[in-house]
Amino acid sequence: MNKLILSIESSCDDSSIALTDVETLEVVEHLKISQESEHSCYGGVVPELASRLHAVDLPKLLEKLKPYFEQIEAVAVTTHPGLSVSLHEGVIMAKGVATFLNKPIIGVNHLKGHIYSLFISKEAITPVLVLLVSGGHTQLIQVDSFDKMTLLATTIDDSVGEAYDKVAKMLNLGYPGGPIIEKYSSLGDAKRFDLPVPMQNSPLVAFSLSGLKNAVRLLIEKLGGVEELSKQDMYDICASFELAVVKHLIQKSKKVFKEVPTKHFAIVGGVSANQFIKSHFKKLCKEFNKELLEVELGYTSDNAAMIGRWAMEAFREGQVDSVESLQVGATKRVEVGSQLV
Ligand code: KG4
Ligand code: ZN
C-alpha cells in the first residue's frame, strides 16, 4: 500500500483536504468545499462566518478519507498567512489526526503552497521566478528551492485579487469578483475609460492597486452611481480596469525580467486563472525568451493539494514539526530582499 501525506487548507474561505502519494506525487484525493456563496452577499469574506463553516465542513471531508488512514505518513497544514480564526480550525484538526495516528506534522506557508501548485503530480523545476497574485498578495518571488524563496517586489497597499473583489462590490457583482470581472471585461471596450496605470512614472519596482480602485469609484460616481449604469457601461468599466491592471503588472514585471536571468517564469494564485492577464505574460515571456510554467486550472485557487505538494519536499528532507510546537503563525510582513518563512 502506498504511503500518503494528508494535507489540510483553511486559510480563508475554502475548506480543503487532499492525499498525496509520497512515491509518485500523485494527488490520490482532493476534496474542497467552497464558502463563496455564503460570503457573496457581504461582498467579501467574513472571518467569523468562515471559521464556523470550516468547523462544520472540515470534519465532513475528513470522514470521507477514513479508509486511507493506515497509509498516512504525515499530516500537513497551512499555518500562515491567512485569517487566524480560519487557520486555527485546520491546525486543530491536523494536530488531532497527527496525534491519533502518531505521525509527524508539517506546518506550511500558504504562499509556498501556491508556488508548489505549479508542481502538482510532478517534480519541481527550480529556479523559477514567480508572480503570486491572489486575494491577499501580489508579489514577485525568486524561488531557488522549496525552502529558499526571496521576495523581490510586493504591493504597497491592496493586492490584485482584492482590487478585483472591491471593484465587483462597487458594481454589485458579488464575491469573488475576479471571474465575473473577467467575463464582463471580455464584452467591454477597454479604451472607453482612461483609468490610470498605477505607479507608471515611478522607478520603484512595487505594486499598488488602491489608487486604481479609487479611480473606478470616482468614475462610477461621475456616471451617476451604480444604479444608473447600463450593462454596457459595466462591461466597459471592467475592461478599462482590467487593462490598467495588466499594464501595471507587465510594466513592473518587465523591470524585474531585465534584471533577473532566471529561465523559468510562472504566475500562481487565484488571479492566475485570468486568461487575459496570462496571455499578456505569455507575450512578455516570449520577448525575454523565458519559459512560462502554468498551474493547472483546478489548482489556481486555494486548495489542499498544493499544501501537500510543498509538504512533500519538506518531508523528503526530514523537515517536520512536532504537534506540541506547531502553531498558527503570526502574519509578519516580509521585507523585500528577505526570504519567505
Ligand atoms: O489564491 P486565492 O484563491 O485566495 C487567496 O489566497 O487569497 O485567490 C482568490 C482571489 C480572489 O480575489 C478572486 O477574485 C481572484 O482570486 N480571482 C480572479 C479570478 N479568479 C479568481 N481574479 C481575476 N480573474 C480571475 N479569473
Ligand atoms: Zn491563496
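Remember, predicted model here, so these are calculated numbers, not experimental data.

**With respect to the layout of surface pockets**
In this model, the second largest pocket occupies a volume close to 280 Å³. Lining the second largest pocket are 17 residues, with Thr79, Gly107, Val108, Asp321 and Leu326 sitting closest to its centre. For the lining of the second largest pocket, the secondary-structure elements that each account for two or more residues are strand S4 (72-80), strand S5 (105-109) and helix H10 (304-316). Broken down by element, the lining of the second largest pocket gets its largest block of residues, four residues, from S5.

**Section: helix H9 (residues 275-287)**
Between its first and last C-alpha, H9 extends 18 Å over 13 residues, near the 18 Å set by a 1.5 Å rise per residue. The complete set of buried residues in H9 reads Ile277, Lys278, Phe281, Leu284 and Cys285. One side of H9 carries all its buried residues, which in axial view fall inside an arc of 115 degrees. Residues of H9 that are exposed and point more than 90 degrees away from the buried face comprise Lys283, Lys286 and Glu287. As for H9, its buried residues are in contact with strand S6 (128-133), helix H5 (160-170), helix H8 (231-259), strand S9 (264-268) and strand S10 (291-293). Put simply, Asn274 is the residue that caps the front of H9, since its side-chain oxygen is 3.0 Å from the backbone nitrogen of Phe276. Just beyond H9, the residue with positive phi is Asn289, at close to 55 degrees.

**Some words on the sheet that holds strand S8 (residues 148-154)**
Read across the open sheet, the five strands follow the order S8-S7-S6-S9-S10; overall the sheet is mixed. Both edges of this open sheet fall to S8 and S10, since each of them pairs with a single strand only. The mean inter-strand angle of the sheet, taken between neighbouring strand axes irrespective of direction, is 25 degrees. As paired elements, S6 and S9 share five bridges and run parallel to each other. Residue pairing across strands places Val128 opposite His264, the latter belonging to S9. Packed on one face of the sheet, H8 meets S6, strand S7 (138-145), S8 and S9 and runs near 160 degrees to S6.

**What to know about the sheet that holds strand S3 (residues 27-34)**
The five strands are arranged S3-S2-S1-S4-S5 in an open sheet whose pairing can be described as mixed. One side of each edge strand has no neighbouring strand; the edge strands of this open sheet are S3 and S5. When strand polarity is set aside, the average angle formed by the axes of neighbouring strands in this sheet is 15 degrees. Alignment of S4 against S5, held across five bridges, turns out to be parallel. Residue pairing in the sheet places Val77 in a bridge with Gly107 of S5. Helix-sheet contacts for helix H2 (residues 47-64) involve strand S1 (4-9), strand S2 (14-21) and S3, and the interaxial angle to S2 is about 25 degrees. Packed on one face of the sheet, H10 meets S1, S2, S3, S4 and S5 and runs near 130 degrees to S1.

**Examining the nonpolar core**
Among the nonpolar cores identified, the biggest contains 47 residues, and Leu171, Phe241, Phe265 and Phe281 are the most heavily contacted of them. Elements with a contribution of two residues or more to this core: S6, H5, helix H6 (177-185), helix H7 (210-222), H8, S9 and H9. Among the elements that make up this core, the one with the highest residue count is H8 (twelve residues). For Leu171, the contacting residues outside a window of four places in its chain are Ile220, Val226, Leu229, Met234, Ile237 and Cys238. Counting residues in each nonpolar core, the second largest holds 37 residues, with Ala76, Val108, Leu293 and Val295 among its members.

**Considerations on the side chain of His264**
Here His264 is to be found in strand S9. Overall, the relative accessible area of 16% leaves His264 in the buried class. Once residues lying within four places of it in the same chain are set aside, the contact partners of His264 are Ile125, Pro127, Val128, Leu129, Glu291 and Leu293.

**A word on the domain arrangement of the chain**
For an interface, size is often stated in terms of accessible area lost upon the parts coming together. On domain assignment, one finds that the chain holds domain 1 (4-120 + 299-316) and domain 2 (128-295). Domain 1 and domain 2 are separated by 27 Å when their C-alpha centres are compared. Contacts between the two partners involve 23 residues from domain 1, matched on the other side by 23 residues from domain 2. For the pairing of domain 1 and domain 2, the buried interface totals around 1,800 Å² over both sides, and the portion due to carbon and sulfur atoms is 74%. Three residues, Ile115, Leu118 and Thr300, lead the burial of domain 1 against domain 2; their summed loss comes to 33% of the area buried on that side. Across the contact surface, domain 1 and domain 2 share zero salt bridges. Counting across the interface, domain 1 meets domain 2 through five residue pairs in polar contact (both at pLDDT 80 or more).

What counts, and at which threshold
Residues numbered from 1 in each chain as written. Chains lettered and ligands numbered in written order. Predicted model: local features only at pLDDT ≥ 70, side-chain atom pairs only at ≥ 80, totals over all residues. Heavy atoms only, no water. 1 Å grid on protein atoms, 1.4 Å probe; cavity = no way out; pocket = protein on both sides within 12 Å on 5 of 7 lines; lining within 4 Å. Points joined across faces, edges and corners; volume = space filled by probe spheres on them. Helix = DSSP H or I, 4+ residues; strand = E, 2+ residues; numbered from the N terminus. Expected span 1.5 Å × (residues − 1). Buried < 20%, exposed > 50% of the residue type's maximum accessible area, 1.4 Å probe, protein only. Arc of directions from axis to C-beta. Contact = heavy atoms within 4.5 Å. Polar contact = N/O pair within 3.5 Å; in protein donor to acceptor, adjacent residues only side chain to side chain. Pairing = 2+ DSSP bridges. Axes fitted to C-alpha atoms, helices over the stretch in contact; angles between N-to-C directions. Core = buried A, V, L, I, M, F, W, Y, C linked by side-chain atoms within 4.5 Å. Domains from an automatic or database assignment. Buried area = accessible area lost by both parts, 1.4 Å probe. Salt bridge = Lys/Arg side-chain N within 4 Å of Asp/Glu carboxyl O.

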